[in-house]
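Notes for the structure review
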Amino acid sequence: MPAEGFGEVAERLRRSTAHVQGRGRGGGSGVIWTGDGVIVTNAHVARESRARVALWDGSAHDAKLVTRDTRRDLATLKIEASGLPAATPGDSSALRVGELVIAVGNPLGFIGALTTGVVHSLPNRRRWVAADVRLAPGNSGGPLADARGRVVGINTMIAGGLALAVPSNAVLEFLKRGGASGPSLGVTLQAVPLRGGGLGFLLLKVDPGSAAESASLMIGDVLVGAAGRPFSSLDDLHTALDTAGEALETQFLRGDRRSTRTTTVRLRTRAPEAA
């Protein structure tokens, strides 16, 4: 049993959760990782070099993008502050199926909203923690925590009715390497179901000068396969990138999405993005 009551755990999580707003509408959430203003969020939330961050105490701060990895959908922001209520990282490898988890975020304008559920499946090759917590737009980048309030993941997306979070151990690796990543397409993706079954990845953003741009991939394209194999899970694209070498043949849909096209992407290792 946790030493704190559930109310105290929930309050502590809310205080360490930030509201991240970019230049456009919407926004997402972030986790105060250190007391001196380092905030971890999703790459698809922190799309610009600058953002505005609101804290639980009502204060608002200008934030600078420090690192961004679109492949793992992680980013770090920095605000000028001290003495912040930093979250406590947990060990995602210690999670068990059926364990209670708590998600906090800012969905649909509701600041500090909290939802609970249980772990549905554990990370495969350290990709995702899946839980049956209810998320909505604005939860992205917020914490998934265990019953003691330790952050075991960064909420990222919904797939197959389940919330998917980047495991906390993968977040720690991301921070340790300063945001550097392996071979990357240089895109921001959203998982989408395909007509007739299967899984696709909708391109929300194509980074200038990226491997995807060089291969003439565009915002709105839907990746449906790689190396001649259709995607069936969220890990398939990562696996294809890990094993591709210098180039990856991808299949995608464009326009009316009735026919599949193929392009070859020349890959390269990405350095950390910084403002």
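Residues numbered from 1 in each chain as written. Predicted model: local features only at pLDDT ≥ 70, side-chain atom pairs only at ≥ 80, totals over all residues. Heavy atoms only, no water.

**Notes on the overall build of the chain**
Applicable threshold: A run of H or I in DSSP counts as a helix once it spans at least four residues, and a run of E counts as a strand once it spans at least two, with each numbered from the N terminus. Between the two quantities, the radius of gyration covers C-alpha atoms and the globule rule is 2.2 Å times the number of residues to the power 0.38. Buried residues are those whose accessible area, probed at 1.4 Å on protein chains only, stays under 20% of the maximum for their type, while exposed residues exceed 50% and partly exposed ones sit between those limits. Residues count as neighbours in contact if any of their non-hydrogen atoms are within 4.5 Å of one another.
In terms of regular secondary structure, the chain is built from four helices and 19 strands. Taking 19 Å as the expected radius of gyration for a compact globule of 275 residues, we find that the chain reaches 18 Å, a close match to that expectation. In terms of overall dimensions, the chain has C-alpha extents of about 55 × 40 × 30 Å along its principal axes. A total of 275 residues make up the chain; the buried ones form 49% of that total. Relative to all contacts within the chain whose residues are 6 or more apart in sequence, the contacts with residues 24 or more apart total 59%.

**Digging into the pattern of salt bridges**
As a reminder, the rule being used: Salt bridges are defined as contacts in which a side-chain nitrogen from Lys or Arg sits within 4 Å of a carboxyl oxygen from Asp or Glu.
Scanning the entire structure with this criterion turns up six salt bridges. As a salt-bridge pair, Arg150 and Asp146 come within 2.8 Å of each other at their nearest N and O atoms. On the basis of relative accessibility, which here comes to 30%, the residue Arg150 falls in the partly exposed class. In this structure Asp146 comes out as buried when scored by relative accessible area, which is 4%.

**Things to note about the side chain of Ser210**
Formally: Between N or O atoms, a polar contact is any pair within 3.5 Å; within protein, one atom must be a potential hydrogen donor and the other a potential acceptor, and residues adjacent in sequence are included only when both atoms are from side chains.
By the secondary structure assignment, Ser210 is in the loop between β15 (199-206) and α3 (211-214). At 3.2 Å, the side chain of Ser210 and the backbone nitrogen of Glu213 are in polar contact.

**Focus: the packing of aromatic side chains**
We count it as follows: Working definition: rings of Phe, Tyr and Trp (its six-membered ring) pair if their centres are within 6.5 Å, and the pair is stacked with planes under 30 degrees apart, edge-to-face with planes over 60 apart, and tilted otherwise. For a lysine, the NZ atom is tested; for an arginine, the CZ atom; a charge sits over a ring if that atom is within 6 Å of the ring centre and within 35 degrees of the ring normal.
Following the criterion strictly, the structure yields one aromatic pair and no others. Relative to Phe231, the ring of Phe201 has its centre 5.1 Å away and its plane inclined at 70 degrees; by these criteria the two rings are edge-to-face. Placement of the pair is Phe201 in strand β15 and Phe231 in the loop between β17 (229-230) and α4 (235-243), with a sequence separation of 30 residues. Neither residue differs from the other here; Phe201 and Phe231 are each classed as buried. The ring of Trp128 has Arg72 lying over it, and the distance from NZ or CZ to the ring centre is 5.7 Å.

**Digging into unusual backbone geometry**
You will see that Ser216, though not glycine, has its phi angle at about 70 degrees, which is positive. Looking at the element boundaries, Ser216 is found in the loop between α3 and β16 (222-226). The class for Ser216 is partly exposed, based on a relative accessible area of 48%. For Ala227, which is not a glycine, the phi torsion comes out positive at approximately 55 degrees.

**Considerations on the pairing of strand β1 (residues 17-21)**
We apply this condition: Following DSSP output, two strands are said to pair if at least two bridges run between them.
Counting buried positions along β1 gives four out of five residues, so the element sits mostly inside the fold. The pairing of β1 with strand β2 (residues 28-32) spans four bridges and is classified as antiparallel. Of the residues in β2, the one forming a bridge with Ala18 is Gly30. Two strands pair when backbone bridges link them, and β1 and strand β4 (residues 50-54) are joined in this way by three bridges, in the antiparallel orientation. If you follow His19 over to β4, its bridge partner there is Ala54.

**Some words on the side chain of Gln251**
Residue placement: Gln251 occurs in strand β18 (residues 247-253). For Gln251, a relative accessible area of 11% gives the class buried. At 3.4 Å, the side chain of Gln251 and the backbone nitrogen of Gly228 are in polar contact. Beyond its immediate chain neighbours, meaning those up to four positions away, Gln251 contacts Val222, Leu223, Val224, Gly225, Ala226, Ala227, Gly228, Arg229, Thr260, Arg261 and Thr262.

**Things to note about the nonpolar core**
Keep this limit in mind: We define a nonpolar core as any set of buried Ala, Val, Leu, Ile, Met, Phe, Trp, Tyr and Cys residues linked to one another through side-chain atoms lying within 4.5 Å.
By size, the foremost hydrophobic cluster in this structure holds 38 residues, and its most contacted members are Ile154, Leu185, Phe201, Leu223 and Leu234. When residues in this core are grouped by element, the largest group, four residues, is from β15. In contact with Leu223, not counting residues within four places along its chain, are Leu185, Leu189, Leu199, Gly200, Phe201, Leu203, Leu217, Phe231, Leu237, Thr250, Gln251 and Phe252. In this structure, Ala18, Ala51, Ala75 and Ile79 belong to the second largest nonpolar core, which totals 15 residues.

**Comments concerning α4**
Turning to α4, its buried residues number three or more, namely Asp235, Leu237, His238, Ala240 and Leu241. Residues of α4 that are buried make contact with β14 (187-193), β15, β16 and β18. Following α4 by one or two positions, Gly245 has its phi on the positive side, about 85 degrees.

**Some remarks on the environment of Ala215**
For Ala215, the location among the structural elements is in the loop between α3 and β16. What makes Ala215 buried here is its relative accessible area of 11%. Between the alpha carbons of Ala215 and Ser59 there is a distance of 43 Å; along the sequence they are 156 residues apart.

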